[in-house]
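Structural features, examined
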Amino acid sequence: MRLPYFTPLFYALLALPTFVLAMDLESSPTADETVQSLPTIIVHGLVEEKLTEHSKKYIKPNSSMATKMDISLKDTPQTVSVVTQQQIQDQGLTSLAEVLNQVVGINVSNNDSERVSFSARGFNVDNIQIDGITTAYSGTGASVLAIPAYDSAIYDHIEVLKGVTGLTTGLGEPSASINMIHKRPSSEFQASGSVGYGRWNTQRYVGDVSGAILADEKLNGRFIAAYSRSDTGRQHYEKNNLVLSGALTSQLTDTTALTLGMDYQKDDPKGLGNVSPIFYADGTETDFKPKDNIASSDWVRWTRTHKNYYIYLDQALNDQWQAKLAYSYQTLAGSLKNFWPFNGSMNSDGSGLSYSYWASEGYLKQHSFDATVNGKFNLFEREHQVVFGLNGWTRNAEEYGMHYPKGQTIENSHAFDGAQLPDFDTERSGLGDKTTESKQLGVFLNTRWHLTDRWKLFAGGRVSHWESKLKTYHYGDLIKTSNEQKRNAVFVPYIATTFDLTPNTTIYTSYTEIFKPQYNLDIHDQYLDPEEGSSIEFGLKNSLLDERLNLNAAVYRTKKDNMAEIDPNYISPNGRDVRYRAANNTTTKGIELQAVGQLTDQLSLSAGYAYNKTENKAGKRLNTSMPNQDAKLFVNYAFDQALSGLKVGAGLNWYDSSTAQIKIGTADQPFEKALTQKAYVLGSLYAAYDISPKINVTMNVNNLFNKTYYTRITPSYKAGYFGDPRSYMLTMNFKY
């Protein structure tokens, strides 16, 4: 990469902490003095303070997601959104996708019911973390290993960092990063549960118990279980999800805490919520509805099992320095048998299509670690901060060749129903088994210099090593290694500054660079080179009403090379596969506005607006199939006095229009036609009442206006996925 113009200053700033640490060590207290000063540092207590479970607020004061430093959101030089436990409960958000639907600037779309994708600032989001550790989902090229549903029952809150996170993770896609923070064991006993029932025979059961296991509170534990099922309102599709989570936290000493945990989630639907054709071959629109779902059958299965084993060691070195070691082992197993009834082009009389069977199995495993040291030091009569460490992962994603029957012609699609097709047994063929092996290792350093009382400078960077290769096997024997990629000593700088205009108002700017390995194939079935570029952001943050309300405004510009765009010269053998080519000098510009917090003791607010536009070097807009504007609002009011215990809320999510070009017609006479998803508004209502201090009942209504819309239009499928119609959920909550 080309180093920026501030390189001499940058390296000088990076070198300073080394000299400072040496100076500090010379004047540091003796070992005995240190031991005497440490008993007041209770590490487990510090961990609990970073959670939102009992705050009853829509804001979280601090975050370390952008800088690896636990600083206030107002002082963080990037845009960070936090969905707290209170907002998750109020809006009845049961999955990661439902949570992200409430974050302004995030677009949630579906290839089908089991393949959910997220985008922000014009690009896909594929950096998903659990407690700051990269998850096993990150674009493996094996679609059967799609992202799990991630039930929200086991997470305290979810943070979303907009822009590039190359400093801390090495995966620098300029969209957003998502961090799901576990609920942790508590020292005091607590137990809660809920039972919910909703439209389409939707049921949800959650149990959660936590507390001290040993009398001296040196060992605390927590166990959470959640089960959900629904008939979904789509024929031949039933959802079933089970999640179990257990954790132990041991206070080894007053300065040392050890956490061990495991998560288990199984997504086991019967049938599949699939897409519907948009156009007939003559260009007229079809009239399918969400409930039709003809591309499914009761025997269709897509089972995924996700396991996450983790261990964290938190150590207070003294009252100024902390260290953390984190390790996780994650596995994701997927098994799919399905059929696809949309081969060809559908004529208005129902002819023109054929169906094909498909089966796939895959297994992914990933080892991840993160070692971080965080502290403060004095220099020139001012206190500064530094964080440094290393992290990385190794990942193997296996996909197996399968036997499955051949398809046939569909005589009349209007009379077709997937239930007509016979079930089949799946069996591994031993041919074409593929394993994608990849790993990443990086060291990072970030500093925060208090240049004046009001002016702070962040200077840091990361050096990463990354490699990936694809191995192909026949009957267990390696026959080919291809698509080998390797990069050593990739340097990603991070520079940012904040200035306090007033005690409550801060302006900031940040600059970082992009390095993003990708698994998109070109027309020669080779991976495209990693995406590279830079991103700069300017913003203003304000904390009002005694820090109960946070306001944020940001503008950004991203430049990117090697961005994948669909190659129109590729002719797919099955009509669905696509290949890509690299686009250089693409730019994205946008703005984001956000207000989150408490307007009064009774009125809570979460609101925002986002706009982005991505263009190629010729000035043509890219990613037109995603809306480039959205606005989201949710308000919640808690009554007092005679109506004490009653809360009501309402939400509106607005999405701008989007357009996709779809190839239709016949093989001899193909042509393109644009489909425009018009702008739409989704409404929601919420009400809750405390029957007693320990019993609460809530009602949530989603898609209040019963809008029919596509969450995603997939041109290569010539089809779109419908969003869910109006739904409701009544839940009774218990706590002890």
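Here goes a summary of the coordinates provided. Per chain, the residues get numbers from 1 upward, laid out in the order the sequence is written. Selection of residues for local features in this predicted model requires a pLDDT of at least 70, selection of side-chain atom pairs for listing and counting requires 80 or more, and totals for whole chains, interfaces and linings are taken over all residues. By convention in this description, side-chain values take in all heavy atoms of the structure and omit both hydrogens and water.

Digging into the sheet that holds strand 7 (residues 127-130)
The strands making up a sheet are joined through hydrogen bonds of the backbone, oriented either antiparallel or parallel. Pairing in this open sheet of five strands is mixed, and the strands run 3-9-10-7-8 from one edge to the other. Two strands in the sheet have a free side with no partner beyond their single neighbour: strand 3 (80-83) and strand 8 (133-134). Paired strands, as defined in this entry, are two strands with at least two bridges between them according to DSSP. Helix and strand assignments follow DSSP, with helices taken as H or I runs no shorter than four residues and strands as E runs no shorter than two, numbered in order from the N terminus.

Quick word on the pairing of strand 26 (residues 477-502)
Pairing of strand 25 (residues 455-474) with strand 26, which is carried by 18 bridges, proceeds in the antiparallel orientation. Residue pairing across strands places Leu470 opposite Ser482, the latter belonging to strand 26. In the sheet, strand 26 pairs with strand 27 (residues 505-516) via eight bridges, with the strands oriented antiparallel. Bridge pairing in strand 27 links Thr497 to Thr509. Between strand 26 and strand 27, which pair antiparallel in sequence order, lie two residues.

A look at the pairing of strand 3
With burial as the criterion, each face of strand 3 is covered, one bearing Val80 and Val82 and the other bearing Ser81 and Val83. Across four bridges, the pairing between strand 3 and strand 9 (residues 155-162) is antiparallel. Bridge pairing in strand 9 links Val83 to Ile158. Burial status follows relative accessibility: with a 1.4 Å probe on protein chains alone, a residue under 20% of its type maximum counts as buried, one over 50% as exposed, and anything between as partly exposed.

Considerations on the packing of aromatic side chains
Only Phe, Tyr and Trp rings take part, Trp by its six-membered ring, and two of them pair if their centres are within 6.5 Å. Stacked means planes under 30 degrees apart, edge-to-face means over 60, and tilted covers everything else. Using the criterion set out here, one finds 18 aromatic pairs in the structure. Taken together, a centroid distance of 6.5 Å and an interplanar angle of 55° make the contact between Phe634 and Tyr686 tilted. Here Tyr686 lies in strand 38 (residues 680-692) and Phe634 lies in strand 34 (residues 629-638), a separation of 52 residues in the sequence. For Phe634, a relative accessible area of 3% gives the class buried. Among the aromatic residues, those joined into a ring-pair cluster are Trp299, Phe339, Tyr355, Tyr357, Phe416 and Phe424. Either the NZ atom of lysine or the CZ atom of arginine qualifies as a charge over a ring when it sits within 6 Å of the ring centre and within 35 degrees of the ring normal. One cation-aromatic arrangement involves Arg121 over Tyr556; the distance from NZ or CZ to the ring centre is 3.9 Å.

Concerning the pattern of salt bridges
By definition here, a salt bridge exists when the distance from a side-chain nitrogen of Lys or Arg to a carboxyl oxygen of Asp or Glu is within 4 Å. For the structure shown, the criterion picks out 33 salt bridges. Across the salt bridge formed by Glu615 and Lys613, the nearest N and O atoms sit 3.3 Å from each other. Judged by its relative accessible area of 34%, Lys613 falls in the partly exposed class. Through salt bridges with shared partners, a single network forms among Lys74, Asp75, Arg448, Lys456 and Asp500.

Comments concerning the environment of Thr52
By secondary structure assignment, the location of Thr52 is in the loop between helix 3 (43-49) and strand 1 (62-63). For Thr52, the contacting residues outside a window of four places in its chain are Lys60, Thr84, Gln85, Asp156 and His157. Think of a polar contact as two N or O atoms within 3.5 Å of one another; within protein, one of them needs to be a possible hydrogen donor and the other a possible acceptor, and neighboring residues in sequence only count if both atoms come from side chains. A polar contact is formed between the side chain of Thr52 and the backbone nitrogen of Gln85, at a distance of 3.0 Å. Contacts between residues were defined by any pair of non-hydrogen atoms, one from each residue, lying within 4.5 Å.

As for the sheet that holds strand 41 (residues 719-722)
As summarised here, the arrangement of the three strands in space is 17-41-40, forming an open sheet in which the pairing is antiparallel. Looking at the sheet topology across the chains shown, the edges are occupied by strand 17 (276-277) and strand 40 (710-714). In terms of strand pairing, strand 40 meets strand 41 through four bridges, oriented antiparallel. Pairing of Thr714 across the sheet is with Ala719, part of strand 41.

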